[in-house]
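A structural walkthrough
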Amino acid sequence: MNRIVNFLLGDDAVPPAAPGGPTVEVSGTTLQLTWDPVTQDAGGNPESVDSYLVERATVMSGPWTPLGMTLAPSFSDSPWCLGDPAVNCMYR
């Protein structure tokens, strides 16, 4: 959270780079999302983050629903849209 606050207050002018290597595993009605931890900022300089905010939407333009914060580069979700071929679930 410190990293987000510092960025918003202007103490840190370069945002973190996007996490890499996202994967999804499905087991029954649960998704397990994992990704590579952030190690650089958007400029390629060394960086670390305190936590990750995970959000879900059914279209890229949103609205995006915050699901939770996680300290680890992983998150579990049991979305209502899992198994419905007419609905997409997107995460960021």
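Now for a quick tour of the structure. Please read these numbers as outputs of a predicted model, since none were measured by experiment. (Residues numbered from 1 in each chain as written. Predicted model: local features only at pLDDT ≥ 70, side-chain atom pairs only at ≥ 80, totals over all residues. Heavy atoms only, no water.)

A look at the overall build of the protein
- From N to C terminus, the protein includes 1 helix and 6 strands.
- Mapped from its N terminus to its C terminus, the protein presents α and β elements in the order α-β-β-β-β-β-β.
- By residue count, 24% of the 92 residues in the protein fall in the buried class.
- Counted over contacts in the protein with a minimum sequence separation of 6, partners at least 24 positions apart contribute 47%.
- As presented, the protein carries roughly 6000 Å² of accessible surface, and 58% of it is formed by carbon and sulfur atoms. (Helix = DSSP H or I, 4+ residues; strand = E, 2+ residues; numbered from the N terminus. Buried < 20%, exposed > 50% of the residue type's maximum accessible area, 1.4 Å probe, protein only. Contact = heavy atoms within 4.5 Å. Areas by Shrake-Rupley, 256 points an atom, 1.4 Å probe, with all protein chains shown as cover.)

Describing the state of the cysteines
- Following the criterion strictly, the structure yields 1 disulfide and no others.
- The disulfide that involves Cys81 links it to Cys89, with 1.3 Å between the sulfurs.
- The buried category is assigned to Cys81, whose relative accessible area is 3%.
- The exposure class of Cys89 is partly exposed, given its relative accessible area of 27%. (Disulfide = S-S within 2.5 Å.)

Describing the pattern of salt bridges
- Scanning the entire structure with this criterion turns up 2 salt bridges.
- Among the salt bridges present, the one from Arg92 reaches Glu55, with a minimum N-O distance of 2.7 Å. Of the two residues, Arg92 sits in the segment after strand S6 (90–91) while Glu55 sits in strand S3 (residues 52–57), which places them 37 residues apart along the sequence.
- A salt bridge links Asp77 to Arg56; the nearest nitrogen and oxygen atoms lie 2.4 Å apart. With Asp77 in strand S5 (residues 74–77) and Arg56 in strand S3, the pair connects residues that are 21 residues apart, well separated along the chain. (Salt bridge = Lys/Arg side-chain N within 4 Å of Asp/Glu carboxyl O.)

Examining the sheet that holds S6
- Strand order in the open sheet formed by 3 strands is S4-S3-S6, and the pairing between neighbours is antiparallel. For this open sheet the edge positions go to strand S4 (65–70) and S6, each flanked by a neighbour on one side alone.
- Relative to S4, S3 runs antiparallel, the two being bridged by 5 bridges. Its bridge partner lying in S4, Arg56 is registered against Thr65. (Pairing = 2+ DSSP bridges.)

Topic: unusual backbone geometry
- In this structure, Pro63 follows Gly62 across a cis peptide bond, with omega equal to 10°.
- For Pro63, the position within the fold is in the loop between S3 and S4.

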